[in-house]
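For reference, the chains in residue letters:
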Amino acid sequence: MDFFVELREPSACSAPDLDRFKRLVRKGEEVRLQTLDSLVSHALVLALVRVGAEEAAVGALKRPNPLYRKKVFAKAGVADPERFGHELGWVYVEEAFRGRGIAPAIVGALVAHLPQASAYATSLEVNLPMHRALELHGFARAGKPYASTRPNKMLLLFLRTSVDDVYSEAAVTPKEFT
Ligand SMILES: CC(C)(COP(=O)(O)OP(=O)(O)OC[C@H]1O[C@@H](n2cnc3c(N)ncnc32)[C@H](O)[C@@H]1OP(=O)(O)O)[C@@H](O)C(=O)NCCC(=O)NCCS
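Attention in this report is confined to the structure presented alongside it. In this text the structure is predicted, and so the values were computed from the model without any measurement. (Residues numbered from 1 in each chain as written. Predicted model: local features only at pLDDT ≥ 70, side-chain atom pairs only at ≥ 80, totals over all residues.)

Considering the packing of helix H4 (residues 102–112) against helix H5 (residues 128–135)
Selection rule: Here an angle of 0 to 180 degrees is reported between the N-to-C directions of two axes, which are lines fitted to C-alpha atoms, with helices fitted over the stretch in contact. Secondary structure counts use DSSP, requiring at least four H or I residues in a row for a helix and at least two E residues in a row for a strand, with both numbered from the N terminus. Take the far helix as your reference; a near helix turned counterclockwise from it by less than a right angle gives a left-handed crossing, and one turned clockwise gives a right-handed crossing. Note on contacts: each residue gets a C-beta atom placed from the backbone, and two residues are in contact if those atoms are within 7 Å.
Closest axis-to-axis distance for the H4/H5 pair is 8 Å, and the angle between their directions is 35 degrees. Judged by the sense of rotation from one axis to the other, the crossing of H4 with H5 is right-handed. Contact residues: Ala103, Pro104 and Val107 in H4; Pro129, Met130, Ala133 and Leu134 in H5.

Here it is as C-alpha cells:
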C-alpha cells in the first residue's frame, strides 16, 4: 500500500481541502473545537496523507497559544515552555489505514519541516502507537502524567530538543575520559 505525506501551508489549501483536513482532525482525541478554525489557519504546516484517492490521515505543526502551552507544561511539571515554539499534533489515521506506519511517516515529515529542532506534543498515556511514532523521531516523555479535561484520561507531554540543547543540558563527560 503506497501512501504519500503531503505538507502544505494552510494558506495554500483550498476551502474544501481545509474542510477535509478538519473533518479528520475532529475524529481524533483531545481536540478543542472552539479554537480549531483559528488554530488550523495559523498552523505552520498541515500534513495530508492520501492512499489512492482516499484521504487516509492528517497531522500538523501548530503554533500553540502561549497561555495554553504554559498550562500544559505546568500540569506536566516541565519548565521553559517558551523554548518550544511548535506543537506537533492533530495526528489522526483513519481506522482502515492503521498499523501500516502512516503515523510515524507523518511525524517524520513534520519534524523534517521544523524551523528549529525543538517541538512538543501531547498524547494520551495509553496511546502506545503514538508514543512510538513520536519516539522514532526524537521525542521523549517529559514530566509527569496529567489529567485530561476528559474524565479518567491521563495525558503525557513529549519534548523534542535540538542536538545543541541535548548536548548542553546533558553536560556529560564521555566515559572514556573519566
Ligand atoms: C495513534 C495513531 C495515530 C497511530 O497511527 P498508525 O499509522 O496506525 O500507527 P502504526 O501502528 O502504523 O505505527 C506506530 C508505531 O507504533 C507501534 N505500535 C503499534 N501498536 C503498539 C503498541 N500497542 N505498543 C507499542 N508499539 C505499538 C507500531 O509497530 C509502529 O512502530 P514501528 O514503526 O516501529 O513498527 C492511530 O491509531 C490513530 O489515528 N488513532 C486515533 C487518533 C489518535 O490517537 N491520534 C494521536 C493524537 S496524539
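Digging into the pairing of strand E3 (residues 54–62)
We count it as follows: The exposure scheme places C-beta atoms from the backbone and then counts, for each residue, the other C-beta atoms within 10 Å of its own, assigning buried at 20 or more, exposed at 12 or fewer, and partly exposed in between. Pairing between strands is defined by DSSP: at least two bridges between them are needed.
Taking burial as the measure, the 9 residues of E3 include 7 buried ones, the bulk of the element. Alignment of strand E2 (residues 45–51) against E3, held across 7 bridges, turns out to be antiparallel. Residue leucine 46 lies in a different strand from E3, and its bridge partner there is alanine 60. Here E2 folds back onto E3 in antiparallel fashion, the turn holding 2 residues, of which glycine 52 has a positive phi close to 60 degrees. Examined bridge by bridge, E3 and strand E4 (residues 87–93) share 5 bridges and lie antiparallel to one another. Residue pairing across strands places leucine 61 opposite leucine 88, the latter belonging to E4.

As for the nonpolar core
A general feature of soluble globular proteins is that nonpolar side chains tend to end up buried together. Convention followed: Note on definitions: a nonpolar core is a set of buried residues drawn from Ala, Val, Leu, Ile, Met, Phe, Trp, Tyr and Cys, linked by C-beta atoms within 7 Å.
Among the nonpolar cores identified, the biggest contains 43 residues, and Ala47, Val49, Val58 and Ile106 are the most heavily contacted of them. For this core, the element with the highest residue contribution is H4, accounting for 6 residues. For valine 49, the contacting residues outside a window of four places in its chain are Phe3, Phe4, Val5, Ala56, Ala57, Val58, Ile102 and Ile106.

Notes on the site of the ligand
Rules: Nearness is defined per residue: the C-beta atom, placed using the backbone, must lie within 6 Å of the molecule or strand.
Neighbouring residues of the ligand: 19 residues in total, closest Arg98, Ile102, Ala103, Leu128 and Arg132. Breaking the shell around the ligand down by element, the ones donating at least two residues are E4, H4 and H5. If one sorts the elements of the shell around the ligand by residue count, H5 sits on top with 5 residues.

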